Amino acid sequence: MSKHLHLSRRAFLKAAAAAVGVGALAACQPAAQPAPAPKPAAAETKATAAPAAAAATAAPKAAPSSSEAVKLNFVCDTINTGHVQVRDKWCKQFNELHPNVTVEHQPVPQDYNTKIQTLFAAGSPPDTYRYLQEVVPIITVVAKNMHLRLDDWMKKDNYDLNDFRKDAVNLYVWEGGTYALPRDYGDQNLFLNLDLFSKAGVEPPPVDWTETGFTFQKFLEMAQKLTVKKGDKTEQWGFLVNRGWRPWASWVYNNGGTVVKRDAKGVATEMALTEPVAVEALQFLQDLMYKHVVAPRPDIESEMGGFELFASGRVGMMINNPSAVNQYRTIQAFKWDIATLPLGKASKRGTGGGGSGWAAGATTKSPQWAWEFLKYISTAQGEQDEVAVGATTPSRVSVVTSPQFLDPNKPPAHSKGFAQAQEYVVRDPVNVRWPEVFNRIVTPNMDQLWSGAKTAAEVTKTIKAEADPLLAKG
Amino acid sequence: MASTTVTTTSRTPSSVHLTLGGRRRIGHTMVHLALWFGVVLMFIPLAWTISTSLKPVSDIYLFPPKWIPNPVRWENYREAVTSIPFMRYLWNTVVITGLSIVGKVASVTLVAFAFSRLQWWGRNVLFMVMIATMMLPPHVTLIPQFVLFKRLGWIDTFLPLVVPQFFGGPYLTFLARQFFMTLPRDLDDAARIDGCSSFGVYWRIIMPLARPIVIVIVILVFNGTWNEFLMPLIYLQNPANFTLALGLRMFQGEAATSWHLLMAASLLTMLPVLLLFFTAQRYFMQGIVFTGVKQ
């Protein structure tokens, strides 16, 4: 037996050596091919970023060559199937206009941020893509040279930004450079189940954002009247607390507070959630669930789903953004509309919001065609195409005020409120460390508030203590 | 306690027997009731899926929910398979899953054979090293792997999803090794006396006896690959290369989900998994006996 084993071990070693050799050959083979450049990711980014940056200043002088075959990719999250079709159409039409350019639409069905971050981290950013400034702040984009700078291209083409909301454009401007074109500019609104209001004999809240009588107290009274209990069990809730970041920040803004303090450049320097007005607003939200019991606790909401609770007619009011309007339009069981947000101690309303942009990767092989494509999809027609399939709040004034967006034949009846609310948007914090602060500190601590484990004062104190050192480094 | 003893001893043997039978019946009934309760509880999500897949969109959010769809919309299924290239995604998924199964079974059993049946220097240390790699969550290696496959020019192909399957995997190798170690060594010795090589022992002796563990590997790899989301998401870019797991997410938007279509497409996607489970369940039961290894 030992003889056999001895021999087989040799045979095994021979086979293993052969396998390693074959593996090594296989690993070497593609490296010899010209297509993938065998450079370290960082070096590659630098090497290709430099010509791209140079192209951003030098190339605009020359018109894009129309004969050279160019292939670009266009990476987007799917939003809904209608949007996928719209983007496919853009790519097709662009190809018809410029037969030498093929733009490949690469829809990302979910986990868009993971995909985008992997592409950038691996040194192969998309040529063009939907940039989410709330996920990767513009300051990070500039610091890491992620995007193609658009200023020279805009100058060359005399590109007119006037139809875009100025604040929407400014989301992508940092230290004098422009790094994306605005796609949309969203805000937060109160969505109302009108049938429940009329059943409870309650007048719906106002639509006008300049109105001052719809206070936190009035809102609470409304929510109490809309709440229906049967014994110990709540069958219908007056309000649903949207625990998303922008919805809860809106309460802070409307009570005269802010989430972070900013320096002259607009960079977030420290958390401001411990200010009494901010604490009061957040405590008000917790009290709606646990003290006044007019809103479902997170466990009930998670079980049923926030929108599903509203859509099943068991919630009178909830906060959401206009991009969800297409989903609300599937509701046929009751009438619904939108209204302004309740006003606390602030002199003027505020809403969490912002938007996403169309951007080109700094390392794109064809900056001129990437720019041409960004221009093509950022036209008023491009925004109208997206309006037609729902789930967007246009960034162009001409589109957000157009009859297509404010379609009177479709709910909500007061869709003008979506456009008016854009005037009240408070920008998300800008700091390289903000995504880390938000994911690692703000969200888990806010969960303690939503679960009722800690008060707003305790939660905000912890957030400030943990987040400030990080923000200071940013 | 004392009174129980008195009662029992005062009964005739037949009445004791009946009481025990009765108790057993009651016990069985209770167990069955508990099982039925569990079955109903487990079935509710599936029932909701089936019900939603046949509803018009306006009935999805009704409260109280309508369990029986009226009207029954079979068109949802047609719409689900036509609004996305369902058959294309199905084919892609079948190809990736099929190749992954072949690769995994071949590599895992070979490696497990070396770890369990061959004596070689450093075997146990290497085995521990291999087991230690299980501690690395896949997300940690995501970007280095992406860079590697990008340099190989494999992005937007099935290769990053299939080729690694031909290089084993610690968990399944561990399972296979443990199984192989239960097979008597006398079989190897007998084969070697008859002139069998090491590969011959693997191929002619071990693999025919390894059907239960191979089936386990097939089921686990099938299930994992069929439903895998992250890796196809990262490596596949052209929608024509998408798998079903990616395709299903097309119905789930940022702000809107077409629940009726998602549920219809999910049920269709689930069918092969269910079929495999019910078919393979029998083999599972047979496999437990480990036929052919009795000494």
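Residues numbered from 1 in each chain as written. Chains lettered and ligands numbered in written order. Predicted model: local features only at pLDDT ≥ 70, side-chain atom pairs only at ≥ 80, totals over all residues.

## Some thoughts on the overall build of chain B
Looking only at helices and strands, one finds 14 helices and zero strands in chain B. The order of helices and strands in chain B, counted from the N terminus, is α-α-α-α-α-α-α-α-α-α-α-α-α-α. Considering chain B as a whole, with its 295 residues, one finds that 28% of them fall into the buried category. Within chain B, residue pairs in contact and separated by at least 24 positions form 75% of the contacts whose partners lie at least 6 positions apart. (Helix = DSSP H or I, 4+ residues; strand = E, 2+ residues; numbered from the N terminus. Buried ≥ 20, exposed ≤ 12 C-beta atoms within 10 Å, placed from the backbone. Contact = placed C-beta atoms within 7 Å.)

## Section: the domain arrangement of chain B
Residues and elements named next belong to chain B. Split by domain assignment, chain B resolves into domain 1 (2-53) and domain 2 (76-289). Opposite the four residues of domain 1 that make contact, domain 2 presents seven residues. Residues of the side of domain 1 that touches domain 2, tallied by class, amount to one nonpolar, three polar and no charged. (Domains from an automatic or database assignment. Nonpolar A, V, L, I, M, F, W, Y, C, P; charged D, E, K, R; others polar.)

## Considering unusual backbone geometry
The linkage connecting P411 of chain A with the following residue, P412 of chain A, adopts the cis geometry, with an omega of 5°. Checked against the element boundaries, P412 of chain A lands in the loop between α17 (397-400) and α18 (416-421). A cis amide bond links N70 of chain B to the next residue, P71 of chain B, at an omega of 0°. Phi at D111 of chain A is positive, roughly 55°, even though this residue is not glycine. Inspection of the secondary structure assignment puts D111 of chain A in the loop between β2 (101-108) and α4 (112-121). A positive phi is found at N158 of chain A, a non-glycine position, where the angle reads about 55°. Take N158 of chain A: it is sitting in the loop between α6 (151-157) and α7 (166-170).

## With respect to the sheet that holds strand β15 (residues 356-360) of chain A
Residue and element names in this part refer to chain A. Pairing within the open sheet is mixed, and its five strands lie in the order β2-β1-β3-β15-β6. Of all strands in the sheet, those bounded by a partner on one side alone are β2 and β6 (181-182). As judged from the eight bridges shared by strand β1 (residues 70-77) and β2, these two strands associate in the parallel manner. Looking at the pairing, K71 lines up with T102 of β2. On the sheet, helix α3 (residues 81-97) packs against β1 and β2 and is oriented at approximately 170° with respect to β2. (Pairing = 2+ DSSP bridges. Axes fitted to C-alpha atoms, helices over the stretch in contact; angles between N-to-C directions.)

## Overview of the packing of helix α19 (residues 434-450) of chain A against helix α20 (residues 456-473) of chain A
Helix-helix packing is described using two parameters, namely the angle between the two axes and the distance between the axes. Residues and elements named next belong to chain A. Two elements in contact, α19 and α20, have axes separated by 9 Å at closest approach and are oriented at 170°. Relative to α20, the element α19 lies roughly antiparallel. Note on element contacts: α20 touches α19 through A456, V459, T462, I463, E466, A467, L470 and L471, opposite E436, V437, I441, V442, N445, M446, Q448 and L449. Of the residues that constitute the contact of α19 with α20, the class distribution is eleven nonpolar, three polar and two charged. (Parallel < 35°, antiparallel > 145°, perpendicular 65-115°, else oblique.)

## As for the nonpolar core
Counting 150 residues, the largest nonpolar core has F191, F239, L240 and L288 of chain A as its most contacted members. Sort the elements by how many residues they give to this core and helix α11 (residues 276-290) of chain A lands first, with eight residues. Non-local contacts of L240 of chain A, meaning those with residues more than four positions away in its chain, are made with A295, P296, E301, G306, L309, F310, V315 and M318 of chain A. Ranked by size, the runner-up nonpolar core spans 20 residues in total, among them I206, A210, I217 and V221 of chain B. (Core = buried A, V, L, I, M, F, W, Y, C linked by C-beta atoms within 7 Å.)

## A closer look at the pairing of strand β3 (residues 128-132) of chain A
Residue and element names in this part refer to chain A. When you tally the buried positions in β3, you get four out of five residues, the bulk of the element. Judged from the two bridges that link them, β1 and β3 form a sheet pairing that is parallel. Following the sheet pairing, F74 is matched in β3 by T128. Bridge count for β3 against β15 is five bridges, and the pairing is antiparallel. Bridge assignment links R130 to a residue of β15, and that residue is W358.

## Things to note about the domain arrangement of chain A
Residue and element names in this part refer to chain A. Taken domain by domain, chain A holds domain 1 (48-185 + 355-400) and domain 2 (189-351 + 427-473). For domain 1 and domain 2, the distance between their C-alpha centres works out to 32 Å. Taken residue by residue, the interface counts 13 residues in domain 1 and eleven residues in domain 2. Residues belonging to the side of domain 1 that touches domain 2 are distributed by class as follows: seven nonpolar, five polar and one charged.

## Side note on the sheet that holds strand β13 (residues 336-339) of chain A
Backbone hydrogen bonds are what pair the strands of a sheet, in a parallel or an antiparallel way. Residues and elements named next belong to chain A. Spatial ordering of the open sheet is given by β8-β9-β12-β7-β13, a layout of five strands whose pairing is mixed. Two strands close off the open sheet at either side, each with one partner strand: β8 (228-230) and β13. Each strand of the sheet is rotated relative to its neighbour by a mean of 25°, with strand direction disregarded. Bridge analysis of strand β7 (residues 189-193) against strand β12 (residues 315-320) gives four bridges, and the strand direction is antiparallel. The residue bridging N189 from the neighbouring strand is N320, located in β12.

## Observations regarding helix α10 (residues 245-254) of chain A
All names here are of chain A. Within α10, nine of the ten residues are buried, leaving the element largely enclosed by the surrounding structure. Taken residue by residue, α10 has R246, P247, W248, A249, S250, W251, V252, Y253 and N254 as its buried positions. Among the structural elements, α11, β12, β14 (351-352) and β16 (425-426) are those in contact with the buried residues of α10. Backbone geometry just after α10 places G256 at a positive phi near 90°.

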